[in-house]
Amino acid sequence: MGRRIGKRIEEFGVYNFRIKIRAEIDAGNWKRHGKNLLQACARNKKPVLLVIDELPIFLKRMLEDHDQGPRRVDEFLSWLRGEFQQLNQDGPVLIVSGSIGLEPFVRRLKIPDRINYLYSYRLKPWDRSTCIRCFEHLANSSGVSTENGVAEAVYEALSIGIPHYIQSFFRRLNDFAIRHQLDQITVEHVDTVYRTELLGPAGWIDLGHYRSRLKDALTEASYIIAETILAEAAIQGMFTSEARATIEVEYGRIVKNAQEHIAEVLDVLIHDGYLVLKDDEYRFSFRLLKDWWAASFKENYVPLSERQNWDKFRKTEQ
């Protein structure tokens, strides 16, 4: 089943539902065509699920690609909220998702109310037992022999149950076993593959998206601060209130409103799963990410506590 909505949007099917938006849509007509699309979804006999993936990335590009970026972001989000509020229960079910957080983004622009009609749902990591069952299922279905305790060792190595990395770890172990003609994967192999594969060249490619998505989530000035905070947390084991005070002084000399930048960065790092806050200390919850970030800077990073001494030394010398 197919029918046209206006001249530039096509709707196809119920079971194979997709939208094709032609290039002629522009700043003068997108609201009209968007409204037509949403109303067509509302008229459909069966419920429609409308998914907008990577919405924060889209909004960030809109913000940066035009001198009226903040106004355009506000206009789009206000329009989207208004249309769904008018449709009420008759409209499609809207899901927006992204690899970076939408809430910190709108808070930074001081327009958090533009998404107050959306219900926030965070996909949590798997628990330990689920991760172990997943790994064992992967091994059994692939015909891979594993020593008792391998699945548990994989979970302990990662320290958190992110599904992608449970699967990635299994794939690396399987490839390792094939390359070295092993009859069985042992607990010792888990540590070897963790160090040489997950933290090796192949793993760096896999983990690189954490750095790229952080660049997408932050301004250039805030991104530099984020790298410093993550390096401190990775190498020192935590980012403390004392370290925060030091970085506020240090970056306050070159960045306006340094405290606001740092607060924004920490908000993003917590919201997007880089760090967790406990007892006034920020720590990594994902061991692999911590070890990867530490490996990036361990040879040339100066802890913030030592930088305080540098400042005192310079003042004495002057």
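Residues numbered from 1 in each chain as written. Predicted model: local features only at pLDDT ≥ 70, side-chain atom pairs only at ≥ 80, totals over all residues. Heavy atoms only, no water.

A. View of the environment of Gly101. Structurally, Gly101 can be placed in the loop between β5 (93-96) and α4 (102-108). In this structure, the C-alpha to C-alpha distance between Gly101 and Pro56, residues 45 residues apart in sequence, is 6.8 Å. Setting aside chain neighbours within four positions, we find Gly101 in contact with Pro56, His271 and Asp272. (Helix = DSSP H or I, 4+ residues; strand = E, 2+ residues; numbered from the N terminus. Contact = heavy atoms within 4.5 Å.)

B. Quick peek at the environment of Ser159. Tracing the backbone through its elements, the reader meets Ser159 in the loop between α6 (150-158) and α7 (163-179). Assessed through its relative accessible area of 32%, Ser159 is described here as partly exposed. Here the alpha-carbon distance between Ser159 and Arg287, two residues 128 residues apart in the chain, equals 5.6 Å. Filtering out sequence-adjacent residues up to four positions away, Ser159 remains in contact with Ser285, Phe286 and Arg287. Looking at Ser159, its side chain comes within polar contact range of the main-chain oxygen of Ser285, at 2.9 Å. (Buried < 20%, exposed > 50% of the residue type's maximum accessible area, 1.4 Å probe, protein only. Polar contact = N/O pair within 3.5 Å; in protein donor to acceptor, adjacent residues only side chain to side chain.)

C. Region of interest: the pattern of salt bridges. In the structure shown here, the tally under the stated rule is 17 salt bridges. In this structure, Glu83 and Lys35 form a salt bridge, with 3.2 Å as the shortest nitrogen-oxygen distance. Of this pair, Glu83 sits in helix α3 (residues 69-87) while Lys35 sits in helix α1 (residues 30-43), and the two are 48 residues apart along the sequence. In this structure, Glu227 and Arg211 form a salt bridge, with 2.8 Å as the shortest nitrogen-oxygen distance. On the criterion of sequence distance, the pair formed by Glu227 in helix α10 (residues 220-236) and Arg211 in helix α9 (residues 201-217) is long-range, its members being 16 residues apart. By relative accessible area, which is 18% here, Arg211 ends up buried. When salt bridges that share partners are traced, they join Asp74, Arg81, Asp113 and Arg114 into one network. (Salt bridge = Lys/Arg side-chain N within 4 Å of Asp/Glu carboxyl O.)

D. Representation of the packing of aromatic side chains in the model. According to the stated counting rule, one finds 15 aromatic pairs in the structure shown. Judged by centre distance (5.5 Å) and plane angle (70 degrees), the ring pair of Phe58 and Phe76 falls under edge-to-face. Of the two residues, Phe58 sits in helix α2 (residues 55-64) while Phe76 sits in helix α3, which places them 18 residues apart along the sequence. Using a relative accessible area of 40% as the deciding quantity, one classes Phe58 as partly exposed. An aromatic cluster of three or more residues is present, and its members are Tyr165, Trp204, Tyr210, Tyr274, Phe286, Trp292 and Trp293. Over the aromatic face of Trp293 sits the side chain of Arg211, whose NZ or CZ is 4.8 Å from the ring centroid. (Phe/Tyr/Trp six-rings, centres within 6.5 Å; stacked < 30°, edge-to-face > 60°. Lys NZ or Arg CZ within 6 Å of the ring centre and 35° of its normal.)

E. View of the nonpolar core. Ranked by internal contacts, the top residues of the largest apolar core, which has 65 residues, are Phe169, Leu214, Ile229 and Trp293. With eight residues, α10 is the largest single contributor of residues to this core. With near-sequence residues (within four places) excluded, Ile229 lies in contact with Phe239, Ile247, Ile262, Val265, Leu266, Leu269 and Leu275. (Core = buried A, V, L, I, M, F, W, Y, C linked by side-chain atoms within 4.5 Å.)

Spatial relationships are all this shows, so hold off on functional conclusions.
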